[in-house]
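Commentary on secondary and tertiary structure
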Amino acid sequence: MAFAILTSSANSEIDIQSVVDRHLLVVGQTGSGKTTSVLALLSELQKKNQTVIVLDPTGEYTKLPNTVTYRLGENAYLAPDQLRVDELMAVLNLDWGPRLRTKLSQAILDLRITRHLCKSNGIFKRQGVLIADYQQDLRRLATWMKDYQFTKLAEQLIQEFVVPYADQRADFNYLGQELAQDQLRQNWDQIITLATRIAQPEFQKLFDYDPHPGTFKVELNYLFKQFTSQASEHRTLVIDLSLLRQYPHSQEALISTLLKRVLTLRLASNIKFPVRLVIDEAHRYLPKEADLVKNGIFQIAREGRKAHLTLILTTQSPLDLAPRLRSQFANCLLHRITDPVEVRSLNLPKKVDSTQLLVGKGWLHCDGNEWQEIQVQLPEWWTNKNDQNKR
Ligand SMILES: Nc1ncnc2c1ncn2[C@@H]1O[C@H](COP(=O)(O)OP(=O)(O)O)[C@@H](O)[C@H]1O
Ligand SMILES: [Mg+2]
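It should be emphasised that the depicted structure is a prediction, and the values quoted were computed from it without experimental measurement.

About the criteria used
- Residues numbered from 1 in each chain as written.
- Chains lettered and ligands numbered in written order.
- Predicted model: local features only at pLDDT ≥ 70, side-chain atom pairs only at ≥ 80, totals over all residues.
- Heavy atoms only, no water.
- Domains from an automatic or database assignment.
- Contact = heavy atoms within 4.5 Å.
- Buried area = accessible area lost by both parts, 1.4 Å probe.
- Salt bridge = Lys/Arg side-chain N within 4 Å of Asp/Glu carboxyl O.
- Core = buried A, V, L, I, M, F, W, Y, C linked by side-chain atoms within 4.5 Å.
- Buried < 20%, exposed > 50% of the residue type's maximum accessible area, 1.4 Å probe, protein only.
- Helix = DSSP H or I, 4+ residues; strand = E, 2+ residues; numbered from the N terminus.
- Expected span 1.5 Å × (residues − 1).
- Arc of directions from axis to C-beta.
- Polar contact = N/O pair within 3.5 Å; in protein donor to acceptor, adjacent residues only side chain to side chain.
- Pairing = 2+ DSSP bridges.
- Right-handed = clockwise from strand over helix to strand, strands pointing away.

Topic: the domain arrangement of the protein chain
Domain boundaries in the protein chain define domain 1 (3-78 + 216-390) and domain 2 (81-207). Taken together, the contact pairs 16 residues of domain 1 with 13 residues of domain 2. Sorting the residues of domain 1 by area buried against domain 2 places L78, L243 and Y247 first, and these three jointly supply 36% of that buried surface. Remark: the boundary between domain 1 and domain 2 carries one salt bridge. For the salt bridge of R261 with E87, the shortest nitrogen-to-oxygen distance reads 3.1 Å.

Dropping the structure here:
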């Protein structure tokens with residue numbers, strides 16, 4: 001019994017299904033027991049053969065038994081060609097305007113041409129290429145010819161600044177004749193930033209473009225697709241995102257992108273088995289009010305139930321969530337919170353006092369029902385040793 005209600009008269013078990021059938025928010029200050037509660041919850045879900053995907057920013061969930069664990073950069077990677085250009089920019093944390101974004105898509109297209117039509121991993125030189133020939137290349141470039149030499153992206157981007165001569169020698173039959181130096185100089189910072197990001201070890205590992213022979217890595221989009229489309233027994237997938245710890249914006253973009261993918265796949269299919277998506281310490285990845293609609297967490301919060309996807313989110317303060325996102329969570333497990341402003345924002349009934357809660361104690365609220373005081377029991381596999389390891 002991982003979840004027991006403490007009442008004055010008797011202990012009784014909580015129906016775990018009702019806790020996870022709606023989006024669940026687990027909220028409480030650091031050390032109040034959020035992660036432990038979710039681990040206890042996941043142990044119960046395992047017994048019920050439910051599919052769970054944990055996006056684990058810190059690596060804390062790797063201690064949960066019976067999981068399939070993938071560590072980003074070790075045995076999992078992200079194929080850059082699986083990302084749309086705006087997603088790629090977000091993951092690389094490039095805050096570019098529409099013009100440079102267009103050039104970046106163009107650069108990707110050109111690198112696909114060199115790889116698939118010229119069988120080279122070099123860049124595509126646009127100088128002196130006839131527009132008619134280029135169009136023919138584009139027609140030959142099939143949609144499956146997706147991958148490209150990612151490491152050459154910054155170098156290729158420079159090529160996208162090729163224009164016809166500015167004088168009477170201009171020949172408009174060509175893609176271009178010389179580099180537009182002024183424009184290039186204006187965008188130089190961004191180009192160098194791109195080159196720098198691509199060279200960073202974390203992104204090298206994330207995108208796996210310097211693979212070591214003998215190591216096998218699974219592509220994240222593929223992994224997500226498999227896990228959310230085929231039901232099988234006892235499945236908890238843990239994706240350890242700690243590789244990108246230093247890049248919270250990239251983590252946020254990655255989580256958002258993956259969740260959107262799952263939602264799209266699920267909405268387009270008839271697959272009905274439920275998938276629970278756990279995001280611990282979600283405050284690091286939550287979108288601001290203005291960015292809500294584009295964000296995968298919000299999209300799942302709003303539309304996920306149609307696709308049998310529900311969220312389990314832990315966060316330190318209820319104020320971390322934009323109100324429109326907060327209102328999507330029908331269920332709440334409240335651990336200790338003492339800040340009066342945070343407490344007030346929860347609009348709790350009188351009997352619920354979150355300021356006095358001991359570790360592992362909480363108040364649970366499931367869609368429309370009364371708040372119940374609960375004590376979360378540690379799962380069977382939890383030992384003191386486990387606790388010591390953590391410290
Ligand atoms: N239900 C519980 N029963 C006993 N000890 C608990 C319980 N929940 C948490 N703890 C203890 O408190 C510590 C911190 O809990 P944790 O879940 O990591 O908090 P949070 O995720 O809110 O920061 C745990 O390592 C464990 O020792
Ligand atoms: Mg925690």
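Let's talk about the nonpolar core
Membership of the largest hydrophobic core comes to 72 residues, with the highest contact counts inside it found for L153, L194, L206, F207 and I279. Examining the composition of this core, we find that seven residues originate from one element, helix α11 (residues 248-268), more than from any other. If you count residues domain by domain, this core takes at least three from each of domain 1 (3-78 + 216-390) and domain 2 (81-207). Residues contacting L194, with those up to four places away along its chain left out, are L92, L94, W96, L104, L153, A154 and L157. In terms of nonpolar packing, the next biggest core, distinct from the first, is built from 26 residues, L45, Y61, V238 and L333 among them.

Considering helix α2 (residues 34-47)
Look at α2: 20 Å from first C-alpha to last across 14 residues, which is about the 20 Å you get at 1.5 Å a residue. Among the 14 residues that make up α2, 12 are buried, leaving the element largely enclosed by the rest of the structure. Residues K34, T35, S37, V38, L39, A40, L41, L42, S43, E44, L45 and Q46 constitute the buried set of α2. The positive-phi residue at the C-terminal boundary of α2 is N49, with phi of around 60°.

Focus on helix α10 (residues 220-229)
When we look at burial in α10, the residues that qualify are L220, N221, L223, F224, F227 and T228. Buried residues of α10 fall within an arc of 160° about the axis and therefore sit on the same side. For α10, the capping residue at the N-terminal end is E219, with a side-chain oxygen 3.0 Å from the backbone nitrogen of N221.

Here we look at the pairing of strand β12 (residues 309-315)
Among the seven residues in β12, seven count as buried, and that is most of the element. Burial of β12 is two-sided: the residues L309, L311, L313 and T315 facing one way and the residues T310, I312 and T314 facing the other way are all buried. Where strand β3 (residues 24-27) lies against β12, four bridges are found, and the strand directions are parallel. Residue pairing for β12: V27 is matched across the bridge by T315. Where strand β11 (residues 275-279) and β12 come together, five bridges link them in parallel fashion. Within the sheet, the bridge partner assigned to R276 lies in β12 and is T310. The parallel pair β11 and β12, bridged by helix α12 (residues 296-303), forms a crossover whose chirality is right-handed.

Describing unusual backbone geometry
The phi torsion at H308 lies on the positive side, around 60°, for a residue other than glycine. Here the phi dihedral of N347 falls at roughly 55°; this positive angle occurs in a residue that is not glycine. In this fold, N347 is placed in the loop between α14 (340-345) and β14 (361-365). Judged by relative accessible area, N347 falls into the exposed class, the value being 69%.

A look at the pattern of salt bridges
On inspection of all chains with the given rule, the structure shows 19 salt bridges. Between E87 and R84 there is a salt bridge, and its shortest N-O distance comes to 3.6 Å. What emerges from the salt-bridge pattern is a single network uniting R84, D86, E87 and R261.

Things to note about the side chain of N295
Take N295: it is sitting in the loop between β11 and α12. Engagement of the side chain of N295 in a polar contact is seen with the backbone nitrogen of I297, the distance being 2.7 Å. Those residues in contact with N295 that lie beyond four places of it in its chain are E252, S256, Y285 and P287.

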